[in-house]
Amino acid sequence: IIADLRAAISNRPGSAAASLQSVAGLLRGGSGARSAEEGRVEWALQAEKAVRDALAVFFVYLFGDLADFVTSPKKAVGSGPGRKKESSVVDLQAFRQRRAALGDSRPLQDFLVQFSQSQMFERY
């Protein structure tokens, strides 16, 4: 699965050319039956879907095995309406070491460090 995800992320010869041709066709309005505005709207929708798909593949590639590093839940200390009763703990150090051992590039490892300290990751 990881090999398939890496292949999807990387630019394979031919795949970029095919997507450029489809974008060019949409910008021209595609078939003669569509207006230029309809072509632009369809292109925008397909471009948004392509970005969503790429981000989903990226996050599955990067965090797909994160569950292997979740330890048993711990009880939260304190009281109040916003307090969670239990929270899982992720061994981030071991996770980062595993990602480095898998051959992630230095910029990707740096991204992982920054992202793992974000509020978005905490809520995940």
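Everything numeric in this text was worked out from a predicted model, so none of it was measured.

Thresholds, definitions, all that
- Residues numbered from 1 in each chain as written.
- Predicted model: local features only at pLDDT ≥ 70, side-chain atom pairs only at ≥ 80, totals over all residues.
- Heavy atoms only, no water.
- Core = buried A, V, L, I, M, F, W, Y, C linked by side-chain atoms within 4.5 Å.
- Buried < 20%, exposed > 50% of the residue type's maximum accessible area, 1.4 Å probe, protein only.
- Helix = DSSP H or I, 4+ residues; strand = E, 2+ residues; numbered from the N terminus.
- Contact = heavy atoms within 4.5 Å.
- Salt bridge = Lys/Arg side-chain N within 4 Å of Asp/Glu carboxyl O.
- Axes fitted to C-alpha atoms, helices over the stretch in contact; angles between N-to-C directions.
- Parallel < 35°, antiparallel > 145°, perpendicular 65-115°, else oblique.
- Left-handed = near helix turned anticlockwise from the far one by under 90°.
- Nonpolar A, V, L, I, M, F, W, Y, C, P; charged D, E, K, R; others polar.
- Patch = residues over 30% accessible without salt bridge, like charges linked within 9 Å, V, L, I, M, F, W, Y side chains within 5 Å.
- Areas by Shrake-Rupley, 256 points an atom, 1.4 Å probe, with all protein chains shown as cover.

Asks: What should I look at first to understand the nonpolar core in this one?
Replies: Among soluble globular proteins, nonpolar side chains are generally buried collectively. Tyr61, Leu62, Phe63, Leu66, Phe69, Phe95, Leu108, Leu112, Phe115 and Phe121 form the largest nonpolar core, which has ten residues in total. Sorting the residues of this core by element identifies helix 3 (36-63) and helix 5 (106-116) as the ones contributing at least two each. Leaving out residues up to four positions away in the same chain, Phe115 has contacts with Phe59, Phe63, Met120 and Phe121.

Asks: Can you walk me through the pattern of salt bridges in this structure?
Replies: Here the idea is simple: oppositely charged side chains can pair when their charged atoms come close. Enumeration over the complete set of coordinates arrives at seven salt bridges. The partner of Arg98 in a salt bridge is Asp65, and the shortest N-O contact between them spans 3.8 Å. Of this pair, Arg98 sits in helix 4 (residues 92-101) while Asp65 sits in the loop between helix 3 and strand 1 (70-75), and the two are 33 residues apart along the sequence. Here Arg99 and Asp65 are joined by a salt bridge, their closest N and O atoms 4.0 Å apart. Residue Arg99 is found in helix 4, and its partner Asp65 is found in the loop between helix 3 and strand 1; the two are separated by 34 residues along the sequence. Judged by its relative accessible area of 1%, Arg99 is buried. On the basis of relative accessibility, which here comes to 13%, the residue Asp65 falls in the buried class.

Asks: Please explain the packing of helix 4 against helix 5 as it appears in this structure.
Replies: When two helices pack together, their arrangement is given by the angle between the helix axes and by the axis-to-axis distance. Close contact between helix 4 and helix 5 brings their axes to 10 Å; oriented N to C, the two are set at 160 degrees. When the interaxial angle is binned, helix 4 and helix 5 end up roughly antiparallel. Crossing angle aside, the handedness with which helix 4 passes helix 5 is right-handed. Here Leu92, Phe95, Arg96, Arg99 and Ala100 of helix 4 lie close against helix 5, whose contacting residues are Gln109, Leu112, Val113 and Ser116. Of the residues belonging to the contact of helix 4 with helix 5, the class tally is five nonpolar, two polar and two charged.

Asks: Looking at this structure, I do not really get a nonpolar patch on the surface. What am I missing?
Replies: Taken together, the side chains of Val51, Leu55, Phe59 and Phe111 make up a nonpolar region of the molecular surface, amounting to roughly 320 Å² of accessible area. If you tally residues by element for the nonpolar patch, the top one is helix 3, at three residues. Tracing the backbone through its elements, the reader meets Val51 in helix 3. Taking relative accessible area as the criterion, Val51 reaches 48% and is therefore assigned partly exposed.

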